[in-house]
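Structural overview
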Amino acid sequence: MRILKFGGSSVATPQRILDVVNIVSKARERNCRAVVFSAFGGVTDQLIAMARQAESGDEDFTRSFKELELRHISAARELISVANQSQVMGQVKMMLNELEDVLQGIQLVGELTPRTLDFIMSFGERLSNYIISRTLTDRGIPAGYLDARTVVKTDDRFGQALADMETTRELLGKHFAKHPEVQIVTGFIGSTNKGVTTTLGRGGSDLTASILGACLDAEAIEIWTDVSGIMTADPRKVRKAFPVQYVTYEEAQEMSHFGAKVIYPPTMQPAMAQNIPIWIKNTFAPDAIGTLVSGEPDKTELPVKGISSIGHVALVRVQGAGMIGVVGVAQRIFGALAKAGINTILISQASSEHSVCFAVSPEQAALSRQVIMAEFDFEVQRGRISDVIVEDNMCVVAVVGENMRSTPGIAGKVFQALGRNGVNVSAIAQGSSELNISVVISRKDEQKALIAIHDAFFLSGLKTVNLFFIGVGLIGSTAIDMLHKQREKLRETLKVDMRIIGMCNSRKMLFDLNGLDGESWKQQLETKGGPMTPDTFLKHTAELNLPNSIIVDCTSSEEIASAYERILKNSISIVTPNKKACSGSMSRYLALHREAARRDVSFLYETNVGAGLPLIKTLQEMHHTGDSIHSVEGVLSGTLSYLFNEYDGSRPFSQLVAEAREKGFTEPDPRDDLNGMDVARKLLILAREIGLSLELADISMEPLLPASLFEAPDTEAFLKDLPSVDDAFKARYEQARDAGKKLRYIAKVDAEGARISLQQVDQSHPCYGLQSTDNLILIHSDCYSNRPLVVAGPGAGPKVTASGVVADIIKSALR
């Protein structure tokens, strides 16, 4: 025999009821003998509200009653054929009339007792089950209507009645022996031995199914709901959550206690006592496998089955030197709380006995403090116990799995996932059974923690990385395209799933928690994007608080660079070709590195110098390994390398600059290249990477152009004035050519300082043979004293720079 149960969401509309009828019809082949139904979706809450309104004298309860009446009569009309409607309508109206009379009586006396409220709530299940039983009969499926009050006997604790299992077993046995047809049983309700209506409390319909299963020795119980089983996490908070096929009773109870809403823990007790398996199935996807809850261990041996959370708790901390070694402190704390009717959700105590903390519902936080202060008034007055501290806006995250006890490293994996995403743990609790590891964290970090832990345990090592692009011009858009093309390969080979959650240009910004489409993102940004300000974009990125977040700054903006420290403090990594941050003040440079280390996030800027060349990484590794670097010298500007390589006197220098700008070889404003400041910033960064404490003002630089040119009001005006230097550049070029030399803008840093100048080099110089946008850097060190280490290659262009940006993103993702 099988017992089925359907919740309110499964029977919320006539169409859903018809879908359930099909499920029940097929279930008869599996020996289904009883089906328990809840009230139609939302009806129980509506009944409670009507009763409260009537008690307060609010005439509005009559309007609510009319809505409820219309809903049930309309459902009966839609579900029952005209030939059979008369009797059904009569019974439905009789129940509704009885309900209306009770509500009017409550209004007259102005009192609503728990007993009366139970009676009123019973109408939801009585109406729904009667209509559904007649719907089955109307469609040729033999079905009987069983008012559970006639067979489920309870005590008189109204609102939370306990079943008398012995009497109930006897009554159910007699009833089912006489009625072979499928019984449609009202969930949630029962009655005392005197026939007074009671309700079974939260999860009551599930409990009814469990009681029936235990008393009738069912082979299985099926709980049909609106999800395909018990999920690894709340899918509203963790989008990649999925159903678990097997869980034990204990695992299901732990997960339900900490927020999983599929099944309420006490409802499993009768089934557990008889070792009856419980299936969790989806009404809207009946062919889905679902979850089997049983006493059998999971053969897959997954160490963790699920991650749940209680979204809002208060953490109460009692501490003081006077607690150390004192017998009975814990008993006094929790005894006082129990007397006040305060439920503790979680308890944690340090081995030093200096402090005890516990979590309670926020509504009971103030009372908890008051109770503890009263209990320990003597100790507080004498300083033996400090003030009782309450931290609100906290939450509990629980990691559940029976196999954790036999798998080393589970706790380490949990705390690593939290730590790497900047989630601070305020309290920890783990029982000796090792079935559950619970942590108390800030409420704002709940979703981030759930996602981070879920990724760590359930995605086969697949790590979701959330990217936020600031600047989607040539470099940014090229990097996005590269990531899109490589996404599947990165998933397969490196187990990293790159999702672009947000992006912006100078005008618009757009966010999508599912990830922006890699092909149509430009159109989406243009058509769906909202107004952009840097502060708004960064604020929203921080508020999303997603794990493994990386901001990719592809601008040259000082405003964005000035926000880097704030970004890092939010435990968000940074990848950027923007040189402004690392070439700003030395104090900011050091602060950014300190903050990244403190938050255990990445601050990567390989593309600040040499585009995609592995230059900064090489210098860092040499410096870290103790190789003393004597000097770094070379051509650092791909833009200037291109200009001096391509310039042959046949066309004006100003024309060549304009062409380089169109190809993306210059900064948006070419003055940033031609004033030598771009090279100076790069040289400053390299100097700092080898351990020198320099400022931008410490660099000696030979200007390429007269100072008057840089006073132009904008880029276009500068380009218009640039032809004024064409003759001077041609003369300088010809002078070098006639001497068999070439012009190279060379930067060098060593013990004597940092300097940049335009030099004429002959064929013996390594920079003589540069082509196009090539950079070439010579590194002299203890290890490379006779012959320098040479790093060379293209040093400008959107593709090579974007390639370096993507490489940094991958490096950050894999850390």
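Structure report, in brief. On a predicted model such as this, the values are computed, not experimentally measured, just so you know.

The rules behind these values
Residues numbered from 1 in each chain as written. Predicted model: local features only at pLDDT ≥ 70, side-chain atom pairs only at ≥ 80, totals over all residues. Heavy atoms only, no water. Helix = DSSP H or I, 4+ residues; strand = E, 2+ residues; numbered from the N terminus. Expected span 1.5 Å × (residues − 1). Buried < 20%, exposed > 50% of the residue type's maximum accessible area, 1.4 Å probe, protein only. Pairing = 2+ DSSP bridges. Axes fitted to C-alpha atoms, helices over the stretch in contact; angles between N-to-C directions. 1 Å grid on protein atoms, 1.4 Å probe; cavity = no way out; pocket = protein on both sides within 12 Å on 5 of 7 lines; lining within 4 Å. Points joined across faces, edges and corners; volume = space filled by probe spheres on them. Nonpolar A, V, L, I, M, F, W, Y, C, P; charged D, E, K, R; others polar. Parallel < 35°, antiparallel > 145°, perpendicular 65-115°, else oblique. Contact = heavy atoms within 4.5 Å.

In this section: helix 25 (residues 677–689). Relative to the 18 Å expected for 13 residues at 1.5 Å per residue, helix 25 spans 18 Å between its end C-alpha atoms, a close match to the ideal helical length. By the criterion of burial, helix 25 is predominantly enclosed, with 12 of the 13 residues buried.

This paragraph deals with the sheet that holds strand 24 (residues 629–635). With mixed pairing, the six strands of this open sheet are ordered in space as 25-27-26-24-28-29. Strands at the two margins of the open sheet, each flanked by one partner only, are strand 25 (699–701) and strand 29 (789–794). Direction aside, the axes of adjacent strands within the sheet are offset by 20° on average. Here strand 25 runs beside strand 27 (residues 753–761); their pairing, made up of three bridges, is parallel. Note that in strand 27 the partner of Ser700 across the bridge is Arg755.

All right, on to the sheet that holds strand 20 (residues 530–531) then. Taking strand neighbours across the sheet as the criterion, the seven strands line up as 20-19-18-17-21-22-23 in an open arrangement whose pairing is mixed. Because the sheet does not close on itself, it has two edges, and the strands there are strand 20 and strand 23 (603–604). For strand 17 (residues 463–470) and strand 21 (residues 549–553), the ladder comprises five bridges, and the chain directions are parallel. Following the sheet pairing, Ile470 is matched in strand 21 by Asp553.

Now for the layout of surface pockets. Approximately 930 Å³ is the volume attributed to the second largest pocket. Along its surface, the second largest pocket is lined by 48 residues, and Ile475, Cys554, Ser556, Glu667 and Pro668 are the ones closest to its centre. Mapped by element, the contributors of at least two residues to the lining of the second largest pocket are helix 15 (474–493), helix 18 (558–561), helix 22 (638–646), helix 24 (671–674), helix 25 and helix 28 (798–813). Of the residues in the lining of the second largest pocket, the class split is 17 nonpolar, 21 polar and 10 charged.

When two helices pack together, their arrangement is given by the angle between the helix axes and the distance between those axes. Between helix 3 (residues 61–79) and helix 5 (residues 114–138), the least distance of the axes is 10 Å, while the angle of their chain directions is 10°. One way to sum up the angle between helix 3 and helix 5 is to call them roughly parallel. Note on element contacts: helix 5 touches helix 3 through Leu127, Ile131, Thr135 and Asp138, opposite Leu68, His72, Ala76 and Leu79. In the contact of helix 3 with helix 5, the residues fall into five nonpolar, two polar and one charged.

Time to look at unusual backbone geometry. A positive phi angle, close to 65°, is found at Asn31, a residue other than glycine. Along the chain, Asn31 turns up in the loop between helix 1 (14–27) and strand 2 (32–37). A positive phi angle, close to 60°, is found at Ser571, a residue other than glycine. Along the chain, Ser571 falls in the loop between helix 19 (564–569) and strand 22 (573–575). Overall, Ser571 belongs to the buried group, its relative accessible area being 7%.

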